[in-house]
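Residues per chain, in single letters:
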Amino acid sequence: MENHKNSTMPCLMEAWLEHQSPLSLWLKSQTHDDSLAQDLLHDVFIRAMNQKKAFCDVRNTKAWLFKVARNLVIDHARKQQAHPMVEEVAFEEPKSPAIDKDVIDKLAHCLPRVLNELTPQDSDLLKGCDINGMSQQEYATRHGLSLSATKSRLLRARLKLKQQLSNSCQVKLDENNKVCCYTPRK
């Protein structure tokens, strides 16, 4: 986490907060499978994180994220021996107001503390899969869990993380469900 916090996290988190919801909806519409859509969404985030500083140089992050998602849907369909039925997505510059980068920077500093406030099991699962990029299958195998149990636990851990960020970091969302402000704990 330390390596990404200063280089990738602020610009990545800004783009992710802005585009995660429409990206998730688009993936669900393409796959018709909520679990698969969440796995692919996770993979998009990991690929963005793997770009490190190069992600900050991407001019149209929405187009980049959707292109990666589209490629993942196609790859998955090929693995399933099926022909993908992927709709083209119109990529346009975001029209919503820009997210305050200072808020994102502060929020990135809050994340490690909040992860430590979760149960060790939830924190380990989130760090393993969402931060370090371990596949859910690999995590399940290493911890003697089924893949479906791992997916369920990860979903619950993400919800707990969201709630803890809201409570501990006093994250507020605007009318578009985007982070608008953050108050650090004293």
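Numbering of residues starts from 1 in each chain and follows the order in which that chain's sequence is written. Local features in a predicted model are, by the rule used here, given only for residues with pLDDT of at least 70; side-chain atom pairs are given and counted only at 80 or more, and totals for whole chains, interfaces and linings are based on all residues. Computation of side-chain values covers all heavy atoms of the structure but excludes hydrogens and water.

Trainee: A description of the packing of helix H7 (residues 120-131) against helix H9 (residues 147-168) should follow, citing residues and the corresponding values.
Mentor: For any two helices packed against each other, the geometry is given by the interaxial angle and the distance between the axes. Only the stretch in contact is used when a helix axis is fitted, and all axes are lines through C-alpha atoms; the angle between N-to-C directions ranges over 0 to 180 degrees. Segments assigned H or I by DSSP are reported as helices when at least four residues long, segments assigned E as strands when at least two residues long, and all are numbered from the N terminus. The interhelical angle for the contact between H7 and H9, taken along N-to-C directions, is 105 degrees, at an axis separation of 9 Å. When the axis of H7 is compared with that of H9, the two are roughly perpendicular. Across the interface between the two elements, Asp122, Leu125, Leu126, Cys129 and Asp130 of H7 pack against Thr150, Arg153, Leu154, Ala157, Arg158, Lys160 and Leu161 of H9. Residue type decides the class: Asp, Glu, Lys and Arg count as charged, Ala, Val, Leu, Ile, Met, Phe, Trp, Tyr, Cys and Pro as nonpolar, and the leftover types, Gly among them, as polar. Among the residues forming the contact of H7 with H9, the class breakdown is six nonpolar, one polar and five charged. By definition in this entry, angles of less than 35 degrees are roughly parallel, angles greater than 145 are roughly antiparallel, angles of 65 to 115 are roughly perpendicular, and the rest are oblique. Note on contacts: a residue pair is in contact if any heavy atoms of the two residues lie within 4.5 Å.

Trainee: Go over the state of the cysteines, please, and point to the residues and values.
Mentor: Only a pair of cysteine sulfur atoms within 2.5 Å counts as a disulfide in this structure description. Within this structure, the stated rule accounts for one disulfide. In this model, cysteine 11 is linked to cysteine 56 through a disulfide, with the two sulfur atoms separated by 1.8 Å. Negative torsions about the S-S bond denote left-handed disulfides, and the value of about -65 degrees found for cysteine 11 with cysteine 56 makes this one left-handed. One end of the pair, cysteine 11, is in helix H2 (residues 9-31); the other, cysteine 56, is in helix H4 (residues 53-56), and 45 residues separate them in sequence. Type-normalised accessible area, obtained with a 1.4 Å probe on protein chains alone, sets the label of each residue: buried when under 20%, exposed when over 50%, and partly exposed for intermediate values. For cysteine 11, a relative accessible area of 18% puts it in the buried group.

Trainee: Pulling in residues and values, what's your account of the environment of tyrosine 139?
Mentor: Locating tyrosine 139 in the fold gives a position in helix H8 (residues 136-142). Overall, tyrosine 139 belongs to the buried group, its relative accessible area being 6%. For the pair formed by tyrosine 139 and cysteine 129, sequence separation is 10 residues and the distance between their alpha carbons is 7.3 Å. Once you skip the residues sitting within four places of it in the chain, tyrosine 139 turns out to touch Gln121, Asp124, Leu125, Cys129, Met134, Leu145 and Thr150.

Trainee: Help me get a handle on the packing of aromatic side chains, residues and values and all.
Mentor: Only rings of Phe, Tyr and Trp enter the pairing, Trp through its six-membered ring, and a pair is recorded when the two centres are within 6.5 Å. The plane angle decides the type: under 30 degrees is stacked, over 60 is edge-to-face, the rest tilted. Evaluated as defined, the whole model comprises three aromatic pairs. On the basis of an interplanar angle of 70 degrees and a centroid distance of 5.9 Å, the ring pair of tryptophan 26 and phenylalanine 66 is categorised as edge-to-face. Here tryptophan 26 is found in helix H2, whereas its partner phenylalanine 66 is found in helix H5 (residues 61-79), with 40 residues between them in sequence.

Trainee: Any details on unusual backbone geometry? Residues and values, ideally.
Mentor: The residue histidine 32 is not glycine, and still its phi comes out positive at about 55 degrees. You can see histidine 32 is positioned in the loop between H2 and helix H3 (34-50). The residue lysine 52 is not glycine, and still its phi comes out positive at about 50 degrees. The residue lysine 52 is located in the loop between H3 and H4 in this model.

Trainee: Lay out the pattern of salt bridges in plain terms, naming residues and giving numbers.
Mentor: By convention in these notes, a salt bridge is any Lys or Arg side-chain nitrogen within 4 Å of a carboxyl oxygen on Asp or Glu. Tallying each qualifying case throughout the model produces six salt bridges. Lysine 151 is the partner of aspartate 39 in a salt bridge, and the nearest nitrogen-oxygen pair spans 2.8 Å. Of the two residues, aspartate 39 sits in helix H3 while lysine 151 sits in helix H9, which places them 112 residues apart along the sequence. Arginine 158 is the salt-bridge partner of aspartate 130, the closest N and O atoms lying 2.7 Å from each other. With aspartate 130 in helix H7 and arginine 158 in helix H9, this pair connects stretches of sequence that are 28 residues apart.

Trainee: Give a description of H9 that names residues and reports values.
Mentor: A rise of 1.5 Å per residue sets the reference length of H9, with its 22 residues, at 32 Å; its end C-alpha atoms lie 30 Å apart and thus fit the reference within 8%. The set of residues buried in H9 consists of Thr150, Leu154, Ala157, Leu161, Leu165 and Ser168. Each buried residue of H9 lies within a common arc of 85 degrees when the element is viewed along its axis, so the set occupies one face. Along H9, the residues that are exposed and aim more than 90 degrees away from the buried face are Ser148, Leu159 and Lys162. In the segment just after H9, glutamine 170 is the residue with positive phi, at about 50 degrees. The length a helix should cover is 1.5 Å for every residue beyond the first. Arc definition: directions from the helix axis to the C-beta atoms.

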